[in-house]
Protein chains: 2
Amino acid sequence: MTQLIQARNGVVTPEMVIVAQKEKLDPEVVRQEIAAGRMIIPANKVHLSKGLSPIAIGKMATTKINANLGVSALAGDPDRELEKIRCAVKYGADTIMDLSTGDDLDLLRTRMIDAVSVPVGVVPMYQICEELDDILDMTKQNILDVVEKQAKQGVDYMTIHCALLQRHIPLVDSRLTGIVSRGGSLTAKWMVAHNAENPFYEAFDELCEIMKAYDVSWSLGDGMRPGCLHDASDQAQFAELSVMGELTKRAWEHGTQVMIEGPGHVPVDQIADNMRRQAKECFEAPFYVLGPVVCDVAPGYDHITSAIGATIAAFNGAAMLCYVTPKEHLGLPNLEDVRVGCVSYKIAAHAADIALKRPGARERDDEMARARYAFDWEKQFALALDPERAREYYYQARQDANDEKAQRSDLAQLSPKELPAVPNCARAQALENGDAPNEDFCTMCGPKFCAMRTTADLIRLRKLQEEQPSDGN
Amino acid sequence: MTQLIQARNGVVTPEMVIVAQKEKLDPEVVRQEIAAGRMIIPANKVHLSKGLSPIAIGKMATTKINANLGVSALAGDPDRELEKIRCAVKYGADTIMDLSTGDDLDLLRTRMIDAVSVPVGVVPMYQICEELDDILDMTKQNILDVVEKQAKQGVDYMTIHCALLQRHIPLVDSRLTGIVSRGGSLTAKWMVAHNAENPFYEAFDELCEIMKAYDVSWSLGDGMRPGCLHDASDQAQFAELSVMGELTKRAWEHGTQVMIEGPGHVPVDQIADNMRRQAKECFEAPFYVLGPVVCDVAPGYDHITSAIGATIAAFNGAAMLCYVTPKEHLGLPNLEDVRVGCVSYKIAAHAADIALKRPGARERDDEMARARYAFDWEKQFALALDPERAREYYYQARQDANDEKAQRSDLAQLSPKELPAVPNCARAQALENGDAPNEDFCTMCGPKFCAMRTTADLIRLRKLQEEQPSDGN
């Protein structure tokens with residue numbers, strides 16, 4: 001009995017109650033959304049029994065973010081990878097995808113599922129490929145065996161590239177970067193070599209039955225996602241999307257939950273149309289997009305190029321955003337990259353939730369505005385998406401100012417011992433400058449140019465004038 | 001004779017010819033756009049004589065970015081600040097605003113104008129304030145004197161908060177963060193204390209005559225820009241915008257060039273409307289926006305929160321984007337912050353130019369896609385907006401992989417001496433792994449999971465099949 005089947009039967013499950021609380025929605029609304037396929041709760045029964053905290057993915061829920069992690073044959077230490085996973089969850093990842101390749105995949109995955117209470121996704125093709133000497137030897141039984149094994153381990157959703165068909169392959173000839181999905185390209189190679197249809201497509205009904213038994217959710221993989229702006233919104237991409245729509249219906253008939261994976265690299269002007277098209281072709285099944293990256297010339301900054309695209313995508317209907325780290329296109333992310341990637345995507349998700357006017361979405365921002373106006377630095381740090389980074393930069397700027405003062409004979413240096421211990425800039429600066437301790441300002445503008453302080457002054461003046469009418473009145 | 005007056009007289013100036021070449025536009029189109037007030041060339045005659053390279057700001061031109069710099073009374077060393085300015089120009093700043101406060105403002109500004117060939121902007125209020133013991137002592141003559149002095153120094157555009165009127169001040173009572181513009185708040189304080197109208201508004205015609213004499217462009221400052229999402233698109237902001245429209249017409253009557261300064265902090269769903277409203281109220285005078293920041297809870301990451309807003313703003317008509325650095329809301333930016341701020345904003349500007357289908361905007365991106373597909377790492381670095389960062393991260397990922405291998409007995413370590421010298425990942429990896437040297441892949445996926453390599457394989461397979469029809473056919 002999957003969440004979908006129970007929702008259709010009118011049953012509000014305990015998991016629906018939990019996500020309703022998290023989303024500030026009525027449990028009955030959650031049930032209806034799940035029954036209609038517009039929302040999923042990716043919650044494998046095995047993972048639930050191990051302490052999974054269920055979440056909802058769908059248009060009515062807040063925007064979710066996913067962090068891709070995993071070791072590779074060339075790099076990665078399992079203990080360090082678990083550290084990255086904990087870091088991702090700390091900085092807001094709602095789900096984790098294990099994209100590990102190499103040996104010992106089962107051990108690492110089991111440790112991951114035991115370690116985190118967020119849903120875990122996987123791409124079965126990677127393990128299928130690792131367990132064979134040559135991917136061309138892959139049989140339907142290999143596919144079913146690996147998917148069943150991973151379902152048993154407690155994987156909550158699986159990305160499988162079922163919708164890339166033989167007739168789509170010639171459509172990539174006009175592309176600059178061909179097929180950039182790893183799973184998609186390996187599947188296509190198998191199809192070309194055997195002159196046969198996509199084996200995952202052929203096994204679709206049997207796969208559905210495995211997914212159903214554990215309530216693993218589908219993430220229908222987009223093997224044909226564009227790998228550069230030039231290739232965006234092309235025939236190959238949209239032909240596959242149309243098959244994804246067909247498979248969405250078939251998966252629903254089996255009672256399995258479905259979300260759809262999306263691009264990738266898309267220019268800003270095409271993102272809204274991509275979202276509308278997916279909703280239409282796939283009957284509003286939740287859309288899970290990778291970025292999208294909105295320009296191709298910024299390696300080292302693709303967490304930013306893609307956070308821009310992700311915000312626009314979420315504002316136009318995407319339900320989950322797969323993070324991109326600063327190392328994208330260059331190498332595997334380290335701990336710091338994972339942190340920066342997660343925070344960048346929390347920004348995208350949160351900005352979209354505010355713009356979509358989700359209940360209470362802006363409350364934390366308004367609190368921050370009040371803390372800024374009150375010069376309450378500790379509260380500002382506490383409200384920040386990354387409190388440690390905000391604090392670090394605040395003190396770094398103070399230290400920089402001090403260093404520069406040391407080089408300038410015309411400025412008196414701040415006492416270094418006062419630097420690290422001072423929680424409130426306003427008080428500290430006032431003390432250091434010999435000003436009255438009730439003066440409020442920060443290092444950015446200094447007391448003379450602090451706009452908020454000046455505003456406070458002029459409000460006091462206005463009040464005074466109201467109480468004591470001026471001579472002119 | 002300003003660019004505007006000459007354009008109206010049908011004269012195509014040498015500066016118009018230069019920007020036409022830069023923008024791939026017909027010089028006559030540039031003249032028409034300037035004559036209509038939809039485009040400006042901020043080029044003080046003094047700075048032109050010192051080697052300014054003119055640029056165009058307007059809807060028909062590519063999106064420009066500005067970097068705010070300057071020392072403050074509490075921090076900043078002039079030599080270090082000039083280093084930051086050179087860094088900003090290196091990473092793509094089209095203009096520099098000198099927001100210095102403290103002593104020696106004339107010396108630093110003159111050095112800046114001599115040092116850079118990009119337009120320099122300034123906020124005269126800061127120097128007015130520094131030259132007085134109390135801003136409340138400010139007279140009309142102080143204003144005219146400082147503006148004339150700065151115009152003589154060669155400043156190309158000036159941000160002056162002329163449009164914040166007495167009747168607007170009570171409108172901030174419902175705000176969370178009051179007036180966050182430094183110039184705006186000081187002006188408002190003066191107005192309240194003297195119960196008098198904005199002295200910059202009162203001196204507007206005389207200011208126009210000074211600007212006209214040197215061809216200094218107006219940047220009509222938005223003293224009422226919102227300082228948080230809560231305050232966005234409120235009465236105070238739009239009341240001031242309406243006065244900006246009135247002043248735009250008056251400035252044009254004097255023959256001076258005008259752009260309009262805009263917000264600030266704006267939720268994603270309100271940005272397009274803000275752009276449309278400015279175009280309408282200000283007769284399509286170029287819009288120069290600060291960010292906007294799209295969420296308030298990410299101090300330390302406001303280059304990202306604002307690059308999102310800036311991209312959407314530029315796509316909807318903003319002509320210039322004022323950068324925001326990672327230190328925004330926390331302190332003054334250091335060299336690294338300036339670099340990251342500039343690259344983030346080049347991304348925003350470039351993504352918008354691509355989306356607006358400006359001629360040739362995507363060429364560099366397509367070149368990057370080709371370089372990626374060809375595994376040409378040196379070319380990828382060369383095409384990157386920040387080549388040094390891309391190279392650094394590429395080798396950092398390789399080093400991380402090596403470090404992890406050192407901790408895993410099951411993986412052979414790469415020879416460290418090979419690491420720094422290897423320009424092409426594919427060749428390097430192949431050599432290290434003992435594979436054939438013509439194998440192409442990178443550290444991210446390794447040879448077995450490289451999608452681009454797999455695509456190349458399957459294309460070879462398809463060609464082979466076409467040449468030798470299979471048995472089945």
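Residues numbered from 1 in each chain as written. Chains lettered and ligands numbered in written order. Predicted model: local features only at pLDDT ≥ 70, side-chain atom pairs only at ≥ 80, totals over all residues. Heavy atoms only, no water.

*Asks:* Now, about the overall build of chain A: what can you tell me, with residues and values included?
*Replies:* Along the backbone of chain A there are 20 helices and 10 strands. Partitioning the contacts of chain A with sequence separation of at least 6, the portion at a separation of at least 24 is 70%. Total accessible area computed for chain A in this model is approximately 16,100 Å², and 51% of it derives from carbon and sulfur atoms. (Helix = DSSP H or I, 4+ residues; strand = E, 2+ residues; numbered from the N terminus. Contact = heavy atoms within 4.5 Å. Areas by Shrake-Rupley, 256 points an atom, 1.4 Å probe, with all protein chains shown as cover.)

*Asks:* Mind laying out the sheet that holds strand E5 (residues 120–122) of chain A, listing which residues take part and the relevant values?
*Replies:* Residues and elements named next belong to chain A. The parallel closed barrel is built from 8 strands, whose spatial order is E3-E4-E5-E6-E7-E8-E9-E10. With direction set aside, neighbouring strand axes in the sheet form an average angle of 25°. Sheet analysis places E5 next to strand E6 (residues 157–160), joined by 2 bridges and oriented parallel. Directly across from Val122, in E6, lies its bridge partner Met158. (Pairing = 2+ DSSP bridges. Axes fitted to C-alpha atoms, helices over the stretch in contact; angles between N-to-C directions.)

*Asks:* Break down the pattern of salt bridges for me, with residues and values.
*Replies:* All names here are of chain A. Applying the stated criterion across every chain yields a total of 64 salt bridges over all chains. Between Lys64 and Glu23 there is a salt bridge, with the nearest N and O atoms lying 2.6 Å from each other. Of this pair, Lys64 sits in strand E3 (residues 64–69) while Glu23 is found in helix H2 (residues 14–23), placing the two residues 41 residues apart along the sequence. There is no split in this pair, since Lys64 and Glu23 are both buried. For the salt bridge of Glu81 with Lys84, the shortest nitrogen-to-oxygen distance reads 3.4 Å. (Salt bridge = Lys/Arg side-chain N within 4 Å of Asp/Glu carboxyl O. Buried < 20%, exposed > 50% of the residue type's maximum accessible area, 1.4 Å probe, protein only.)

*Asks:* Please set out the packing of helix H2 (residues 14–23) of chain B against helix H3 (residues 27–35) of chain B residue by residue, giving values where relevant.
*Replies:* All names here are of chain B. H3 packs onto H2 with a crossing angle of 115° between their chain directions and a minimal axis gap of 8 Å. For the element pair H2 / H3, the angle class is roughly perpendicular. The handedness of the crossing between H2 and H3 comes out as right-handed. Counted together, Met16, Val19 and Ala20 of H2 and Pro27, Val30, Arg31 and Ile34 of H3 form the full contact between these two elements. Considered class by class, the residues forming the contact of H2 with H3 number 6 nonpolar, no polar and 1 charged. (Parallel < 35°, antiparallel > 145°, perpendicular 65-115°, else oblique. Left-handed = near helix turned anticlockwise from the far one by under 90°. Nonpolar A, V, L, I, M, F, W, Y, C, P; charged D, E, K, R; others polar.)

*Asks:* Go over the packing of helix H14 (residues 302–315) of chain B against helix H15 (residues 335–355) of chain B with me, naming the residues and quoting the values.
*Replies:* All names here are of chain B. At a closest axis distance of 8 Å, the pairing of H14 and H15 adopts a crossing angle of 25°. The orientation of H14 with respect to H15, classified from their angle, is roughly parallel. H14 and H15 meet at a crossing whose hand is right-handed. Touching His303, Ser306, Ala307, Ala310, Thr311, Ala314 and Phe315 of H14 are Val340, Ser344, Tyr345, Ala348, Ala351, Ala352 and Ala355, all from H15.

*Asks:* Which residues make up the relation of the copies chain B and chain A, and what are the values?
*Replies:* When chain B is fitted onto chain A, the two copies agree to an RMSD of 0.0 Å after a turn of 180° and an axial shift of 0.0 Å. These values place the two chain copies in the arrangement generated by a two-fold rotation axis. Identified as the residue of chain B closest to the rotation axis by C-alpha distance is Ile308 of chain B, at 2.4 Å. (Least-squares fit on C-alpha atoms with pLDDT ≥ 70 in both.)

*Asks:* Explain the pairing of strand E8 (residues 258–262) of chain A residue by residue, including any values.
*Replies:* Residues and elements named next belong to chain A. When you tally the buried positions in E8, you get 5 out of 5 residues, the bulk of the element. Across the two faces of E8 the burial is the same, with Val258, Ile260 and Gly262 and Met259 and Glu261 all buried. Pairing of strand E7 (residues 217–220) with E8, which is carried by 3 bridges, proceeds in the parallel orientation. In the strand pairing of E8, Ser219 is matched with Met259. Viewed along the sheet, the connection from E7 through helix H12 (residues 235–253) into E8 turns out right-handed. Pairing geometry for E8 and strand E9 (residues 287–290), over 3 bridges, is parallel. Within the sheet, the bridge partner assigned to Gly262 lies in E9 and is Val289. (Right-handed = clockwise from strand over helix to strand, strands pointing away.)

*Asks:* How would you sum up the sheet that holds strand E6 (residues 157–160) of chain B? Please name residues and give values.
*Replies:* Around the barrel, 8 strands lie side by side as E3-E4-E5-E6-E7-E8-E9-E10 (chain B); this closed barrel has parallel pairing. Across this sheet, the average inter-strand angle for adjacent strands is 25°, counted without regard to direction.

*Asks:* Outline the state of the cysteines, supporting the account with residue identities and numerical values.
*Replies:* All names here are of chain B. Applying the stated criterion to the full structure yields 0 disulfides over all chains. As a non-bridged cysteine, Cys282 has Cys162 as the owner of its nearest cysteine sulfur, 13 Å distant. Residue Cys342 stays outside any disulfide, its sulfur separated by 6.5 Å from that of Cys87, the closest cysteine. Residue classification places Cys342 among the buried residues on the basis of a relative accessible area of 1%. (Disulfide = S-S within 2.5 Å.)

*Asks:* So, the environment of Ala56 of chain B: which residues are in play, and what are the values?
*Replies:* Residue and element names in this part refer to chain B. Here Ala56 shows up in the loop between helix H4 (45–49) and strand E2 (57–58). With 33 residues separating them along the chain, Ala56 and Glu23 place their C-alpha atoms 8.1 Å apart. Residues in contact with Ala56, not counting those within four places in the same chain, are Val19, Glu23, Met39, Ile40, Ala61 and Lys64.

*Asks:* Give a detailed account of the interface of chain B and chain A, specifying residues and quantitative values.
*Replies:* Listed per partner, the contact involves 121 residues of chain B and 122 residues of chain A. Approximately 10,600 Å² of surface area, both sides summed, lies buried where chain B meets chain A, with 64% of it carried by carbon and sulfur atoms. Along the contact surface separating chain B from chain A lie 21 residue pairs in polar contact (both at pLDDT 80 or more). Looking at the side of chain B that touches chain A element by element, the count peaks at 11 residues for helix H18 (residues 387–407) of chain B. (Buried area = accessible area lost by both parts, 1.4 Å probe. Polar contact = N/O pair within 3.5 Å; in protein donor to acceptor, adjacent residues only side chain to side chain.)

*Asks:* For the packing of aromatic side chains, give the residues involved together with the corresponding values.
*Replies:* All names here are of chain A. Tallying each qualifying case throughout the model produces 16 aromatic pairs over all chains. Measuring from centroid to centroid gives 5.5 Å for Phe381 and Tyr394, while their planes differ by 65°, and the two rings are edge-to-face. A residue pair is termed long-range when its members are at least 10 positions apart, and Phe381 in helix H17 (residues 377–383) and Tyr394 in helix H18 (residues 387–407) qualify at 13 residues. Residue Phe381 shares its accessibility class with Tyr394, and that shared class is buried. Among the aromatic side chains, those forming a connected cluster through ring pairs are Trp377, Phe381, Tyr394 and Tyr395. The side chain of Arg277 reaches across the aromatic face of Phe238, ending 3.7 Å from its centre. (Phe/Tyr/Trp six-rings, centres within 6.5 Å; stacked < 30°, edge-to-face > 60°. Lys NZ or Arg CZ within 6 Å of the ring centre and 35° of its normal.)

*Asks:* Help me get a handle on the nonpolar core, residues and values and all.
*Replies:* Here is a general trend for soluble globular proteins: nonpolar side chains tend to be buried in one another's company. Residues Trp218 and Leu321 of chain A together with Trp218 and Leu321 of chain B are the most contacted members of the largest nonpolar core, which totals 267 residues. Ranked by size, the runner-up nonpolar core spans 13 residues in total, among them Ala7, Met16, Ala20 and Met39 of chain B. (Core = buried A, V, L, I, M, F, W, Y, C linked by side-chain atoms within 4.5 Å.)

*Asks:* Quick rundown of the environment of Val29 of chain A? Include the residues and the values.
*Replies:* Residue and element names in this part refer to chain A. Structurally, Val29 is set in helix H3 (residues 27–35). We classify Val29 as partly exposed; its relative accessible area is 26%. Residues Val29 and Met16, 13 residues apart in the sequence, show an inter-C-alpha distance of 9.5 Å.

*Asks:* Before we move on, could you go through helix H16 (residues 363–373) of chain B and cite the residues and values that matter?
*Replies:* Residue pairs spaced three or four apart in an α-helix point in one direction, given the helix's 3.6 residues per turn. For H16 of chain B, the complete set of buried residues consists of Asp365, Asp366, Met368, Ala369, Ala371 and Arg372 of chain B. Buried positions along H16 of chain B lie against helix H14 (302–315) of chain A together with H15, helix H17 (377–383) and helix H21 (451–467) of chain B. One or two steps after H16 of chain B, the chain reaches Phe375 of chain B, where phi turns positive at roughly 55°.

*Asks:* Mind laying out the environment of Glu206 of chain B, listing which residues take part and the relevant values?
*Replies:* Residue and element names in this part refer to chain B. Considering the arrangement of structural elements, one finds Glu206 in helix H11 (residues 204–214). Separated by 143 residues in the primary sequence, Glu206 and Ala349 have C-alpha atoms spaced 35 Å apart. Here Glu206 is in contact with Lys140 and Leu144, once residues within four sequence places are set aside.

*Asks:* Please provide a residue-by-residue account of the confidence of the model for chain A, values included.
*Replies:* Residues and elements named next belong to chain A. Averaged over all residues, the pLDDT of chain A equals 90, while 89% of them reach at least 70. Between residues 409–439, whose pLDDT stays under 50, and residues either more than four places distant or in other chains, the model counts 56 contacts. Quick note on the complex model: pTM equals 0.93, ipTM equals 0.93. (pLDDT = per-residue confidence, 0-100.)

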